[in-house]
Amino acid sequence: FCYDLDGQLQWHRPVDPVRTRLSFGEASSPVLHGTALVLNRDNEGQSHLLVLDALTGEVRWRVAREEVSAWATPLVVESAGRVQIITNASQRVRSYDLQTGAVIWECGGQVSNVTPSPVRFGDLVCCMSGYKGSSAVAIPLDATGDITDTSRIAWRHDRDTPYVPSPLLYENLLYFNKLNSAVLTCLDAATGKPVIEVTRLPELTNLYASPVGAAGRVYLVGRDGVTLVIKHGPRLE
């Protein structure tokens, strides 16, 4: 559904139902870029990426995806003269051309039940997953083709990555927690080198919310409502 800011319905369009693993339901948010509306529909049926005209609801294109259920919201970025839709998923991280739906690059290596959304740092995009394994890869946005296990991957990190929360990129630092637990890691986003090693956070237990950065602080909110605020920087304070 699309409404204007006065609450008047502009258009609506049925979309195919999805059959997610264990009936978890949907969590991938729609993404708006200019007049394009992007929806990632990874599920146990016919997974696909769908792009609509945001002004009319008409389908611009739809491409099938060889994927199972995933819940990551796509990232849309402009780089090297083209607009890329980057999708994080179990089989492959893929970049699609926003205009045509053609795959620009792809990279294997994620684990299952992929939920964290990609984040961009300069000319790199970092994708993570953490259910039944750990994976974080930083991929150059000027990549082409299949770069799985090649030197085109800028860096990898293979421990203590998040299951549900997305990582937080704050300036040059990348913060994330282990699985859904209150265990924090912070990496240098350009190199992937640890800045804050795996550290248990006080007062918190389960984390499903993504961390938020503002005013030189990082805010982490637990499922029980407890909020922990740490100082942004290379030491845990």
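Residues numbered from 1 in each chain as written. Predicted model: local features only at pLDDT ≥ 70, side-chain atom pairs only at ≥ 80, totals over all residues. Heavy atoms only, no water.

> I'd like a description of the side chain of glutamine 110, backed by residues and values.
Turning to its location among the elements, glutamine 110 is positioned in the loop between β10 (103-107) and β11 (119-121). On the basis of relative accessibility, which here comes to 9%, the residue glutamine 110 falls in the buried class. Side-chain polar atoms of glutamine 110 contact the side chain of serine 135, separated by 3.4 Å. Sequence-distant contacts of glutamine 110, that is, excluding residues within four places in its chain, are made with Asn88, Ala89, Ser90, Val93, Cys127, Met128, Ser129, Ser135 and Val137. (Helix = DSSP H or I, 4+ residues; strand = E, 2+ residues; numbered from the N terminus. Buried < 20%, exposed > 50% of the residue type's maximum accessible area, 1.4 Å probe, protein only. Polar contact = N/O pair within 3.5 Å; in protein donor to acceptor, adjacent residues only side chain to side chain. Contact = heavy atoms within 4.5 Å.)

> Summarise the pairing of strand β6 (residues 59-64); cite the residues concerned and give the values.
Inspection of the sheet shows strand β5 (residues 48-53) paired to β6 by five bridges, in the antiparallel sense. When the sheet's bridge partners are listed, leucine 50 is paired in β6 with arginine 62. Where β5 hands over to β6, the hairpin turn is made up of five residues, of which glycine 57 adopts a positive phi near 85°. (Pairing = 2+ DSSP bridges.)

> Now, about the sheet that holds strand β17 (residues 173-177): what can you tell me, with residues and values included?
Spatially, four strands are ordered β16-β17-β18-β19 in an open sheet, and the strand pairing comes out antiparallel. Both edges of this open sheet fall to β16 (168-170) and β19 (194-200), since each of them pairs with a single strand only. Averaged over all pairs of adjacent strands, the angle between strand axes in this sheet comes to 15°, irrespective of strand direction. Two elements, β17 and strand β18 (residues 183-188), share five bridges in a ladder whose sense is antiparallel. Bridge pairing in β18 links tyrosine 175 to cysteine 186. (Axes fitted to C-alpha atoms, helices over the stretch in contact; angles between N-to-C directions.)

> Can you tell me about the environment of glutamate 106, naming the residues and giving the values?
Its location among the elements puts glutamate 106 in strand β10. Note: C-alpha distance between glutamate 106 and threonine 148 (42 residues apart in sequence) is 7.3 Å. Aside from chain neighbours lying at most four places away, what touches glutamate 106 is Arg92, Val93, Arg94, Gly145, Asp146, Ile147 and Thr148.

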